[in-house]
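# Working through the structure, step by step
Listed below, chain by chain, are the residues.
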Amino acid sequence: MHVFLETDRLALRPFTPRDVERVLSLDADPEVMRHLNGGRPATREEVERETMPALLRRFPCLDTERGEGRGHWAAEDRASGGFLGWFEFRPTSPESTAEVELGYRLHRRAWGRGLATEGSRALIRLGFTELGVRRVTATTMTVNSRSRRVMEKSGLVFVRTFFEEWPETIEGSEHGDVEYALTEEAWRQAPAGKG
């Protein structure tokens, strides 16, 4: 399988339709889904109908010499080849790479090892140096302290707290969501963030 991006411990590759079982195993974990839908495991139908089309979507504005045009990548352990989850680096507008949204969803066995930060930093570096990205944004629930730490360690800074209507009310949603962001200019001025 073609590898899009490698870090010391991760290999990011394009998703294929054959990844349904891997994604289902990730989204079936109540802890993984806790800040997404309150911890309800996803069904096969949801993964096939909603999740996989999003993970397989191509964005022509992301076509580069790498030829990917993708906004989501499967994350695998470089040492074992095991599926760890996925990373998102998706344009907020399908016509432009000026602003992209960063996201990640990893199996619990990958938590607490710095892998989300490692993958996020690598994507940010690639975005600012090769993909024409000018601003990276990321959002999460206000109460999702683990995800917020990843954003901060990746160089993003808090922008705002906001409240939206979601289809499901979940524990902690009364505190709203937070947005973090990083501009190319700020990234270039902060060498520690380029890690």
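This text goes with the structure placed above it.
Thresholds, definitions, all that
Residues numbered from 1 in each chain as written. Predicted model: local features only at pLDDT ≥ 70, side-chain atom pairs only at ≥ 80, totals over all residues. Heavy atoms only, no water. Axes fitted to C-alpha atoms, helices over the stretch in contact; angles between N-to-C directions. Helix = DSSP H or I, 4+ residues; strand = E, 2+ residues; numbered from the N terminus. Parallel < 35°, antiparallel > 145°, perpendicular 65-115°, else oblique. Left-handed = near helix turned anticlockwise from the far one by under 90°. Contact = heavy atoms within 4.5 Å. Expected span 1.5 Å × (residues − 1). Buried < 20%, exposed > 50% of the residue type's maximum accessible area, 1.4 Å probe, protein only. Pairing = 2+ DSSP bridges. Salt bridge = Lys/Arg side-chain N within 4 Å of Asp/Glu carboxyl O.

So, about the packing of helix H1 (residues 20–27) against helix H3 (residues 44–56). Orientation of H1 relative to H3, taken along the N-to-C sense of each, is 110°, at an axis distance of 10 Å. Judged by the angle between their axes, H1 and H3 are roughly perpendicular. Crossing of H1 over H3 shows right-handed handedness. Facing Val-20, Glu-21, Val-23, Leu-24 and Asp-27 of H1, the residues of H3 in contact are Arg-44, Val-47, Glu-48, Thr-51, Met-52 and Leu-55.

Once that is clear, we can look at helix H4 (residues 115–130). For H4, which comprises 16 residues, the first-to-last C-alpha distance of 22 Å matches the rise-based estimate of 22 Å (1.5 Å per residue) to within 8%. Looking at H4, one finds that the buried residues are Leu-115, Ala-116, Thr-117, Glu-118, Gly-119, Ser-120, Ala-122, Leu-123, Ile-124, Leu-126, Gly-127 and Phe-128. Just downstream of H4, Gly-132 is the residue with a positive phi angle, here 80°.

It is worth spelling out the sheet that holds strand E2 (residues 10–14) at this point. Across the sheet, which stays open at both edges, the 8 strands sit in the order E1-E2-E3-E4-E5-E6-E8-E7 with mixed pairing between neighbours. The strands lining the two open edges of the sheet, one partner per strand, are strand E1 (5–6) and strand E7 (157–162). With 5 bridges connecting them, strand E3 (residues 72–77) and strand E4 (residues 83–93) associate as antiparallel partners. In the strand pairing of E4, Glu-76 is matched with Phe-83. Each of E1, E2, E3, E4, strand E5 (96–106), strand E6 (135–141) and strand E8 (177–183) touches H4; the most contacted strand, E4, lies at about 35° to it.

Tallied over the entire structure, the rule returns 22 salt bridges. The residue Glu-6 makes a salt bridge to Arg-78 at a minimum N-O spacing of 3.6 Å. One end of the pair, Glu-6, is in strand E1; the other, Arg-78, is in the loop between E3 and E4, with 72 residues separating them in the sequence. Of the charged contacts, one joins Glu-179 and Arg-160 as a salt bridge, the two residues approaching to 2.6 Å between their closest N and O atoms. Taken together, the positions of Glu-179 in strand E8 and Arg-160 in strand E7 put the pair 19 residues apart, joining distant regions of the chain.

Of all 6 residues in E3, 6 are buried; the element is thus mostly enclosed. One ladder, built from 5 bridges, connects E2 with E3; its direction is antiparallel. Bridge pairing links Pro-14 to Trp-73 in E3.

Shape descriptors only; they carry no functional weight alone.
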